[in-house]
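Coordinate analysis (summary)
Listed below, chain by chain, are the residues.
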Amino acid sequence: MTTTLGLPDTIQACLFDLDGVLTRTAVVHAAAWKETFDAFLREREGAGFRPFDTAGDYDEYVDGRPRADGVRTFLASRGIHLPEGDPGDPPDAGTVHGLGNRKNELLLEKIRTDGVEAYEGTLRYLEAVRARGLRTAIVSSSANTLDVLRSIGAEDLFEVRIDGVVAAERGLPGKPRPDTFLAAARDLGVEPSLAAVFEDALAGMDAGRAGHFGYVVGVDRVGQTDALYAHGADVVVKDLAELGGHA
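Residues numbered from 1 in each chain as written. Predicted model: local features only at pLDDT ≥ 70, side-chain atom pairs only at ≥ 80, totals over all residues. Heavy atoms only, no water.

**Considerations on helix 5 (residues 120–131)**
Helix length check: helix 5 (twelve residues) gives 17 Å between terminal C-alpha atoms against 16 Å at 1.5 Å per residue, within 8%. For helix 5, the full list of buried residues reads Gly121, Thr122, Leu123, Tyr125, Leu126, Ala128 and Val129. Contacts from the buried residues of helix 5 go to strand 1 (13–16), strand 2 (135–139) and strand 4 (195–199). (Helix = DSSP H or I, 4+ residues; strand = E, 2+ residues; numbered from the N terminus. Expected span 1.5 Å × (residues − 1). Buried < 20%, exposed > 50% of the residue type's maximum accessible area, 1.4 Å probe, protein only. Contact = heavy atoms within 4.5 Å.)

Given below as structure tokens:
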């Protein structure tokens, strides 16, 4: 049986991704990655380089993954391997962490310039979830999660935050591994089988399924419904308002 929230009636907690589920920042991330990788590839391969594709490459190799993992995975797809370097490497360093830090520098610049916008359907759904007594957590690979939540006034909507900062502190591998979602459920005191995962990334779908969560909701913002189902979604919606749940 499903509730008015569109979830199985056994669900006690909802674990939400940030970019693309709560906020319209996925497109900003994709743009920052493209600018970063295209500059790197142009310098390495010359004017005839094959550009980073904000659809295929972003969805397959970067979306939902921790920053350094995204760098490694995409570059490996092009047969490129860089030294790891150190998390504190400057943005111009020719290392995995340097390239990741360049992307983050560009991302923050774009956010400062254009701001952050929340999906109103998700905010309303969150309010309905909390009104019905379900537990809530935000689970994101972004190290900027807290700043983004504060910028849209949504920090208090979540009891638990597992983000890039917390994952680094606890040594948690990122998506597509389920460890960050499992940590959120554990911090809420809820078994994974009683928690629902809300994700827009294919890596997030993989994490939700690998963690044996009770329900996995795919949020399709870019026309990848079939892929979300293929990666483990129980249901796919274009906006969480489609699930119901009006506070």
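The rest of the description comes next.
**Remarks on unusual backbone geometry**
Along the chain, Lys175 connects to Pro176 via a cis peptide bond; the corresponding omega equals 20 degrees. Relative to the assigned elements, Pro176 resides in the loop between helix 7 (164–170) and helix 8 (179–188). Even without being a glycine, His212 presents a positive backbone phi close to 55 degrees. Secondary-structure assignment places His212 in the loop between helix 9 (202–210) and strand 5 (215–219). Exposure remark for His212: the relative accessible area of 63% places this residue in the exposed category.

**With respect to the side chain of Asp57**
Residue position: Asp57 is located in helix 2 (residues 56–62). One polar contact links the side chain of Asp57 to the main-chain amide nitrogen of Asp53, over a distance of 2.9 Å. With near-sequence residues (within four places) excluded, Asp57 lies in contact with Pro51, Phe52, Val62, Phe74 and Arg78. (Polar contact = N/O pair within 3.5 Å; in protein donor to acceptor, adjacent residues only side chain to side chain.)

**Some thoughts on the sheet that holds strand 4**
Pairing in this open sheet of six strands is parallel, and the strands run 3-2-1-4-5-6 from one edge to the other. In this open sheet, the two edge strands, each paired with only one partner strand, are strand 3 (160–162) and strand 6 (235–237). The mean angle between the axes of side-by-side strands here comes to 20 degrees, regardless of whether they run parallel or antiparallel. Across three bridges, strand 2 lies against strand 3 in parallel orientation. In the strand pairing of strand 3, Val139 is matched with Ile162. Across the sheet, helix 9 touches strand 4 and strand 5, and the angle it forms with strand 5 is around 175 degrees. (Pairing = 2+ DSSP bridges. Axes fitted to C-alpha atoms, helices over the stretch in contact; angles between N-to-C directions.)

**Structural notes on the pattern of salt bridges**
This structure, assessed with the given rule, holds 17 salt bridges. A salt bridge links Asp187 to Arg170, with the nearest nitrogen and oxygen atoms 2.9 Å apart. One end of the pair, Asp187, is in helix 8; the other, Arg170, is in helix 7, and 17 residues separate them in sequence. Looking at Arg170, the relative accessible area reads 44%, which means it is partly exposed. In the salt-bridge network here, residues are joined through shared partners; they are Asp17, Lys175 and Glu199. (Salt bridge = Lys/Arg side-chain N within 4 Å of Asp/Glu carboxyl O.)

**A short note on the nonpolar core**
Here is a general trend for soluble globular proteins: nonpolar side chains tend to be buried in one another's company. Leu7, Phe16, Leu22, Tyr125, Phe198, Val217 and Leu240 are the most contacted members of the largest nonpolar core, which totals 31 residues. When contributions to this core are tallied by element, the ones reaching two or more residues are strand 1, helix 5, helix 6 (145–151), strand 4, strand 5 and strand 6. With five residues, the single largest contributor to this core is helix 5. Those residues in contact with Leu22, other than ones at most four positions away along the chain, are Asp17, Ala118, Tyr119, Thr122, Leu123, Leu126, Ile138, Leu149, Ile152 and Phe158. (Core = buried A, V, L, I, M, F, W, Y, C linked by side-chain atoms within 4.5 Å.)

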